[in-house]
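Below are the chains, spelled out letter by letter.
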Protein chains: 2
Amino acid sequence: MENPKLKVFIPFFYLVWSDDLLTQKEFVTLQGFIGSQNWLSPKEQQLLLSNVDITSPPSRKQLIDWKTEIEKSSITHSSVKSLFALSLLLSKNDETIKGLETIFTKLESDLGISGSEAIVHFKTAKVTFTSGQQAASTFDTEKLTQFLDGKQAPIIKKVKSIVSRPEFAYETSTNTKVYREKVYDWCRILAKENLGNMAYPTAYGGGGSFADYFAIMETLSYYDLSLVIKFGVQFGLWGMSIQSLGTEKHYDKYLKDIGSFKLPGCFAMTETHHGSNVKGIETTATYNHKEQTFSIHTPNDKAQKEYIGNAASHGRMATVFAKLIIEDHDYGVNAFIVPIRDANGKSLKGITIEDCGLKMGLNGVDNGTLHFNHVVIPKENMLDRFASINAEGKFESPIPSDNRRFFTMLGTLVGGRIGIPRSALSAAKSGLTIAIKYGDQRRQFGPEGGSEVPILNYRIHQRRLLPGLAKTYGLHFALQYLTHRFIHKKENEMPDIEALAAGMKAYTTWSTRDILQECREACGGKGYLSENRIGALKNDTEIYTTFEGDNTVLMQLVAKNRLSEFRKTFGEMDAFDKINYVFESAKTAITEKNPIITRKTDEDHLLDGTFHLQAFQYRENATVTAVAKRLKKLIDSGLEPYDAYNVVQHQMIDVAQAYLERVILEQFQIALTSVKDKNTKAVLEQLYQLYALSQIEKNKSWYLEDEYMEPVKTKAIRKMVNQLCWNIRPDAVALVNAFDIPDNCLGAPIVLFPI
Amino acid sequence: MENPKLKVFIPFFYLVWSDDLLTQKEFVTLQGFIGSQNWLSPKEQQLLLSNVDITSPPSRKQLIDWKTEIEKSSITHSSVKSLFALSLLLSKNDETIKGLETIFTKLESDLGISGSEAIVHFKTAKVTFTSGQQAASTFDTEKLTQFLDGKQAPIIKKVKSIVSRPEFAYETSTNTKVYREKVYDWCRILAKENLGNMAYPTAYGGGGSFADYFAIMETLSYYDLSLVIKFGVQFGLWGMSIQSLGTEKHYDKYLKDIGSFKLPGCFAMTETHHGSNVKGIETTATYNHKEQTFSIHTPNDKAQKEYIGNAASHGRMATVFAKLIIEDHDYGVNAFIVPIRDANGKSLKGITIEDCGLKMGLNGVDNGTLHFNHVVIPKENMLDRFASINAEGKFESPIPSDNRRFFTMLGTLVGGRIGIPRSALSAAKSGLTIAIKYGDQRRQFGPEGGSEVPILNYRIHQRRLLPGLAKTYGLHFALQYLTHRFIHKKENEMPDIEALAAGMKAYTTWSTRDILQECREACGGKGYLSENRIGALKNDTEIYTTFEGDNTVLMQLVAKNRLSEFRKTFGEMDAFDKINYVFESAKTAITEKNPIITRKTDEDHLLDGTFHLQAFQYRENATVTAVAKRLKKLIDSGLEPYDAYNVVQHQMIDVAQAYLERVILEQFQIALTSVKDKNTKAVLEQLYQLYALSQIEKNKSWYLEDEYMEPVKTKAIRKMVNQLCWNIRPDAVALVNAFDIPDNCLGAPIVLFPI
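Each value, and the rule that gives it
Residues numbered from 1 in each chain as written. Chains lettered and ligands numbered in written order. Predicted model: local features only at pLDDT ≥ 70, side-chain atom pairs only at ≥ 80, totals over all residues. Heavy atoms only, no water. Helix = DSSP H or I, 4+ residues; strand = E, 2+ residues; numbered from the N terminus. Buried < 20%, exposed > 50% of the residue type's maximum accessible area, 1.4 Å probe, protein only. Areas by Shrake-Rupley, 256 points an atom, 1.4 Å probe, with all protein chains shown as cover. Lys, Arg positive; Asp, Glu negative; His and termini not counted. Charge placed at Lys NZ, Arg CZ, Asp CG, Glu CD. Patch = residues over 30% accessible without salt bridge, like charges linked within 9 Å, V, L, I, M, F, W, Y side chains within 5 Å. Salt bridge = Lys/Arg side-chain N within 4 Å of Asp/Glu carboxyl O. Pairing = 2+ DSSP bridges. Axes fitted to C-alpha atoms, helices over the stretch in contact; angles between N-to-C directions. Contact = heavy atoms within 4.5 Å. Buried area = accessible area lost by both parts, 1.4 Å probe. Polar contact = N/O pair within 3.5 Å; in protein donor to acceptor, adjacent residues only side chain to side chain. Nonpolar A, V, L, I, M, F, W, Y, C, P; charged D, E, K, R; others polar. Least-squares fit on C-alpha atoms with pLDDT ≥ 70 in both. Arc of directions from axis to C-beta. pLDDT = per-residue confidence, 0-100. Left-handed = near helix turned anticlockwise from the far one by under 90°. Phe/Tyr/Trp six-rings, centres within 6.5 Å; stacked < 30°, edge-to-face > 60°. Lys NZ or Arg CZ within 6 Å of the ring centre and 35° of its normal. Parallel < 35°, antiparallel > 145°, perpendicular 65-115°, else oblique. Disulfide = S-S within 2.5 Å.

In this section: the overall build of chain A. A tally of helices and strands in chain A yields 33 helices and eleven strands. The principal-axis extents of the C-alpha atoms in chain A amount to approximately 120 × 70 × 50 Å. Relative to its 755 residues, chain A shows a buried fraction of 60%. Of the roughly 28,800 Å² of accessible surface on chain A, 52% is carried by carbon and sulfur atoms. Here chain A contributes 89 positive and 88 negative side-chain charges, whose respective centroids are spaced 2 Å apart.

All names here are of chain A. The grouping of Asp 602, Glu 603, Asp 604 and Asp 608 at the surface amounts to a negative patch. With respect to the helices, strands and loops of the structure, Asp 604 is situated in helix H25 (residues 603-606). Among the residues examined, Asp 604 registers a relative accessible area of 66% and is labelled exposed.

Looking now at the sheet that holds strand E7 (residues 351-355) of chain B. Residue and element names in this part refer to chain B. Strand order in this open sheet of three strands is E4-E8-E7, and the pairing throughout is antiparallel. One side of each edge strand has no neighbouring strand; the edge strands of this open sheet are strand E4 (305-308) and E7. The mean angle between the axes of side-by-side strands here comes to 20°, regardless of whether they run parallel or antiparallel. Relative to strand E8 (residues 368-372), E7 is paired through five bridges, and the arrangement is antiparallel. Note on E8: the bridge partner recorded for Ile 353 is Leu 370.

What follows is about the interface of chain B and chain A. Taken together, the 135 residues of chain B in the interface contact 136 residues of chain A. A combined buried area of about 11,900 Å² lies between chain B and chain A, and 53% of that area is made up of carbon and sulfur atoms. Between chain B and chain A we count 14 salt bridges in total. The residue Lys526(A) makes a salt bridge to Glu306(B) at a minimum N-O spacing of 2.8 Å. Counting every contact that joins chain B to chain A gives 70 residue pairs in polar contact (both at pLDDT 80 or more). When residues of the side of chain B that touches chain A are assigned to their parent elements, the largest contribution, nine residues, is made by helix H22 (residues 551-572) of chain B. In terms of residue class, the side of chain B that touches chain A is built from 44 nonpolar, 46 polar and 45 charged.

Bringing the relation of the copies chain B and chain A into the picture now. For the match of chain B to chain A, the screw axis carries a shift of 0.0 Å, the RMSD comes to 0.1 Å, and the turn is 180°. Taken together, the rotation and translation describe the operation of a two-fold axis. Distance from the rotation axis, computed per C-alpha, reaches its smallest value in chain B at Ser701(B): 2.2 Å. A share of 100% of interface residues in chain B that are also interface residues in chain A marks the association as one of identical surfaces.

Residue and element names in this part refer to chain A. Strand order across the open sheet formed by three strands is E4-E8-E7, with antiparallel pairing between neighbours. The sheet is open, and its two borders are formed by strand E4 (305-308) and strand E7 (351-355), each paired with just one other strand. In this sheet, adjacent strand axes meet at a mean angle of 20° when their direction is disregarded.

Residue and element names in this part refer to chain B. In terms of burial, strand E3 (residues 293-297) is largely enclosed, as five of its five residues are buried. Here E3 shows a buried face lined by Thr 293, Ser 295 and His 297 and a second buried face lined by Phe 294 and Ile 296. Here strand E2 (residues 284-288) folds back onto E3 in antiparallel fashion, the turn holding four residues, of which Gln 292 has a positive phi close to 60°. Pairing between E3 and strand E9 (residues 375-378): four bridges, direction antiparallel. Residue pairing for E9: Phe 294 is matched across the bridge by Ile 377.

This next bit is on helix H3 (residues 42-49) of chain A. Residues and elements named next belong to chain A. The set of residues buried in H3 consists of Glu 44, Gln 45 and Leu 48. Around the axis of H3, the buried residues are gathered within 100° of arc, so they sit on the same side. More than 90 degrees from the buried face of H3, the exposed residues found are Pro 42, Lys 43 and Gln 46. Here the buried face of H3 lies against helix H1 (10-18) and helix H2 (24-35).

Across chain A, pLDDT averages 92, with 95% of residues at or above 70. The ipTM value of the predicted complex is 0.93, and its pTM value is 0.94.

Moving on, we come to the packing of helix H13 (residues 210-220) of chain B against helix H18 (residues 459-487) of chain B. All names here are of chain B. Where H13 meets H18, the axes come as close as 10 Å, and the angle between the chain directions of the two elements is 145°. The element H13 and its partner H18 pack so that their crossing is right-handed. Contact residues: Phe 210, Ala 211, Phe 214 and Glu 218 in H13; His 476, Thr 483, Phe 486 and Ile 487 in H18. Its residues placed into classes, the contact of H13 with H18 shows five nonpolar, two polar and one charged.

Moving on: unusual backbone geometry. A positive phi angle, close to 65°, is found at Asp328(A), a residue other than glycine. A relative accessible area of 77% places Asp328(A) in the exposed class.

With that settled, consider the environment of Gly196(A). All names here are of chain A. Tracing the chain through its elements places Gly 196 in the loop between helix H12 (176-192) and helix H13 (210-220). Sequence separation between Gly 196 and Leu 370 is 174 residues; the distance between their C-alpha atoms is 25 Å. Once you skip the residues sitting within four places of it in the chain, Gly 196 turns out to touch Leu 190, Ala 191, Tyr 213, Phe 231 and Phe 235.

What follows covers the packing of aromatic side chains. To describe a pair of aromatic rings, you give the distance between the ring centres and the angle between the ring planes. The full count for this structure, using the stated rule, is 80 aromatic pairs over all chains. Consider the rings of Trp17(A) and Phe27(A), whose centres lie 4.8 Å apart with planes at 65°: the pair is edge-to-face. Here the residue Trp17(A) occupies a position in helix H1, and Phe27(A) occupies one in helix H2, the gap between them amounting to ten residues. The class of Phe27(A) is buried, set by a relative accessible area of 3%. Aromatic ring contacts, followed pair by pair, group Phe9(A), Phe12(A), Phe13(A), Phe33(A), Trp39(A), Trp66(A), Phe84(A) and Phe104(A) into a single cluster. Just above the ring of Tyr659(A) sits the side chain of Arg562(A); from NZ or CZ to the centre is 4.0 Å. Against the face of Tyr645(B) rests Lys560(B), its NZ or CZ located 4.7 Å from the ring centre.

Residues and elements named next belong to chain A. Relative orientation of the contacting elements H1 and helix H5 (residues 83-90) amounts to 125°, with a least axis distance of 9 Å. When the axes of H1 and H5 are compared, the pair comes out oblique. Listed contacts from H5 to Ile 10, Pro 11, Phe 12 and Leu 15 of H1 are Leu 83, Leu 86, Ser 87 and Leu 90. Of the residues contributing to the contact of H1 with H5, the split by class is seven nonpolar, one polar and no charged.

Under the definition given, this model contains 74 salt bridges over all chains. We note a salt bridge from Arg513(A) to Glu521(B), for which the minimum N-O separation is 2.5 Å. Here the residue Arg513(A) occupies a position in helix H19 (residues 494-522), and Glu521(B) occupies one in helix H19 (residues 494-522), the pair thus bridging two chains. Among the residues examined, Glu521(B) registers a relative accessible area of 3% and is labelled buried. Through salt bridges with shared partners, a single ionic network connects Arg464(A), Glu518(A), Glu521(A), Arg513(B) and Asp514(B).

Before going further, it helps to examine the state of the cysteines. Overall, the coordinates contain zero disulfides over all chains when judged by the stated rule. Looking at Cys745(A), it has no disulfide partner, and the nearest cysteine sulfur is the one in Cys187(A), 15 Å off. Cys745(A) gets classed as buried once you look at its relative accessible area, which sits at 1%. With no disulfide of its own, Cys266(B) lies closest to Cys356(B) among cysteine sulfurs, the gap being 11 Å.

Moving on, we come to the pairing of strand E5 (residues 317-326) of chain A. Residues and elements named next belong to chain A. A large share of E5 lies buried, amounting to nine of its ten residues. Alignment of strand E1 (residues 265-268) against E5, held across four bridges, turns out to be parallel. Within the sheet, the bridge partner assigned to Cys 266 lies in E5 and is Ala 318. Bridge analysis of strand E2 (residues 284-288) against E5 gives three bridges, and the strand direction is parallel. Directly across from Thr 286, in E5, lies its bridge partner Ile 325. Examined bridge by bridge, E5 and strand E6 (residues 329-339) share nine bridges and lie antiparallel to one another. The partner of Ala 322 across the bridge, within E6, is Asn 334. Here E5 folds back onto E6 in antiparallel fashion, the turn holding two residues, of which Glu 327 has a positive phi close to 45°.

Next up, the structure:
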């Protein structure tokens, strides 16, 4: 094919024979085209057609020759932007060909080829924007670490140093017994370092610091999560049940031995048939005034205590929740200290202990079932802070309502709902550290002829990981706020703090679940290997969404609290205030929902914290108002309230989410105001914006349905989320480095020792 | 408080002392109220105030007396719908009280109490709608099972009977070695039953049926998934690579021994640094014409074969993908049979095998790495269906393009992308069977004073599980369609079938991931125990989203195929057709996007299959058109195509999803038309509607952004989804029973032996 005029077909020949998306049909199209060109002689047509005969393909060498010929032409000229431009070059700017642009462009279109894309096959590799991205920190990670750790920096440092010792090498045995004993040994070491009793009163040898206790839980969670849960069961649940529900005599007798791990114990609340609905437990504690004893009894199998940590192997005593029975009267749920094993580890008389067996995760924790057959304990074993039996054998309590007393008791145990989300968040931080560092190193695919590109440069990969990173930072600040409120709580704030803790527990553990799922997939096959630890992080935290209260149930509770707060606020207003309230709401609607705002898409507006806060608050108020109205309508129409609540369950989840997301946003904003270092502030600000906008994006159907935003705005937000991901990507590695997770805790060879 | 007039306060006293949502503030409100009522004498006020003194609570007995007094009144009267109505009754319809309705209603409001809800505390339990729901099948499950199994019923029955034998009891050891040997033994049994060679040609002792082979994979997947993957590696990947890429001489030599499991083998494609981007593999096969041999070599650690099933323990040979080098020229990726172990299981010279170690799941499969150090194999070991070396030592192939040849080779292996999603779907069916049956039995919470209610009666629980059930049915039909197309494929349909298989693999495995996550959480703590098998189902299928092609990468490929199809369709139209196309699109927009349709919410319309199909098709076409336009714009503006594709990655996922969801919807509709039995059809129709509407709900932000639907319509769809869940709930247990999973496979004590 020496005739330059005929060379115009070379790019087409090359493409139909090499592109895997073109099929038989396209051959026919090209044949038809050649046959219909009357500027070609029949002989020329014949020659050309011989190159597109599907029964007689060209040789492999022919294909390479065509490509070489194309490459020899001045293809790198930036002016060459279509197949036709290339054809023209190959024809040496033949005059006949010049006039054929229209029909050749139609041919491209008929073949379904995008000329500007196809041309890339023939260009030498160019530097692309995508290839150019790489890790490059704009700030000092140490400063950010200091900011995150705050006043707890010394205890965090201490814990990291302890779990970096050789005796804390990860246990890799799949034998449950071996693993449990190792976790037991680790617990003893931590107790010896006075970490277990950190929250107990100094008068009983404790550290007297809840803030440090939670920081310990959080930091240990970079390490083995079975250890964290065992630690939490022993020092948190078991020890704290004594501290919160008992009185001096109990502190004196037990706290020191619990804190030193000399007395391993259990927190026996959940029963097989009463998990989330704890009020319904059936275990009984029957008082015998003559003997001054209680008899603890499991009336049926459904009432056995289940999933009890420390029960299957090590526990010596248990705080058992049971219905108190005095002279055949039921006085509601109370708590009792019940010895379950002797010093040799043998079950005591009347106690049947079974092992829960293998679990999805946390197999270093010895969960078991407890079954009591008329087990007798002395009267002083009743934890009597909120209720007691007097010398006459009569029930006494400062809280007359059994219901309210029970919830008051539970309220004192709310610390568990702070420790768990903080532990979950550490797991998310570990997962993100592994996945983001791997994404920065792992290369796959690349521009035609260029080298492969780090997968974190791909937009979809950024979208998988970076919004989760932003949310994790937001949750960090929100959990610090929750901890602060808990430590400085006043009596009348308890309902709010309990609701916030319940909500943050649910929201954070679900967030961790989703983040770790993305991390696993983002690490591909490597993420599936146990050595890279994402599997353990996922499986260990899997139950976090269930224990300490099932998330779905907790979210309903949070929503009920919001509903009650809403009714109180609205109820307390006088007529004038109410008119004002309605007016203000209308005004908000006017200022926020006018067509200029609902369609506003300029960058300054989209990145503006006031816009975010208004949008989050608006959603929070609107969802709770909507549920309140709907409930009223349903009940007024004759539905039982129980049924009415069932109908709106789905909306209740929205109410709780909207509330929690507003709190997180607010705390992220407040945290930003206290960052001193300019560069740290700049990167956190972008991360904050990514959190705010990716949450709005997640909820965009709600905003669109409510007409708070118009499509043009939600589309602009989606683009901005993409842009923020792209902007943050170079700092992403530094942002996970700021979590400062010790290498031996991270323990993932894919990032520590990449091939 | 004998004065009936004063008794109006009893309900308020009871509530402030017993409700856990009321705090100190509310006491002040109530005190203020009492103090300001001038119809009360100062003495009466004093008496009343003594009952709301926070420092001096009433006795527990007092609280009970109040409640008893309230219950003695005629509270059950349906007329009693507010606290005031109750107060009036207690006052014996006192004339003074009658006039106080307004101020008492305000008091309720000030306290944030919803009277109609609070009243429930005092009513005796009533039958609620929520309590009333229970399992009650409206159809014959056997007929549905027959319909699902279709022509494969006999082989499905056979497989179920085999895996129900005693030797197929689940292996519970956590010792990997023990588990692997057990899986190996199971594979031998299945081979002996002629299940392994089902898809091989009858001329080589096989069953000659792909349809039966896939049904075997699917049915085995109700049982142990390590077995399924080992089975798939041996008979599918290893055996099928010989069948698809080799020629007669290879069939003669190997197929029989592979089918009988006498010759365990591997499929060695993936390399450590080349997972999804297989074209980039670096292993070489260098041809030596003089010796008539190839030398297989791993040039560096990054190029070792990784995650190779059957490699760590049992494999004797492997199909190795390597770049063919002849006289220093690279002829692209080809496949070679390489012996790796001798008959005693010892690695052969030059072969280094390492164990991938413990994984999140599938620990019954012996995944390993393979490293070749100049391993010499005879010339005939090249699988030479698509390329060969002639007697002169020259390369020959009917497909000149290395690229196209490689994708043709991959195309013949597409069966793996059918077996995997069908296996995943079985896992989802197992999870749903466990979770739905448990939800039907497990009771938790209930109406005030009534008994606890099955958790599947809660709307939020229905929402968690039933849309997933509907989707699973839809996927069942869509995967049958994919299988049918694969079995009856014609050459020019291959690109479409490959895209469909890639897409269905990604879509189904992600769906299974989400469904099993919901199932685990829906079973609470019981779902976390290994004995109930959800953990194994989750962890074993976790890697399904990665192997046989990373889902995210596959979805990009699907979208590229759709884009190419779109361009061809559009390109092939002549000018007149194009005008017509634009006109038709506009007409569609006119008929579907006119304000009457976008706002239409009547039940007939929402449940109408034509509406669904139009909505799904519209989204499919609109997303692909949008991406095509955006790509053109980006490239025209000077962006490299590689960068442009990166920018639209997120939208590409939408394109692929919209396409797959349309296919699934269509196949669900087609399946419905062939159901004979009336009752079966009725229940499937509801399930179909739930699938259609819950997908639209999932995508509603897209429909709202596009203005294809208005908020009033998407809200109506949300309600309809809730309603359909509620309607299907009684049939839910029967619908999972229709999967007909043998009890010993299901193996979950929570549903087989509930306490």
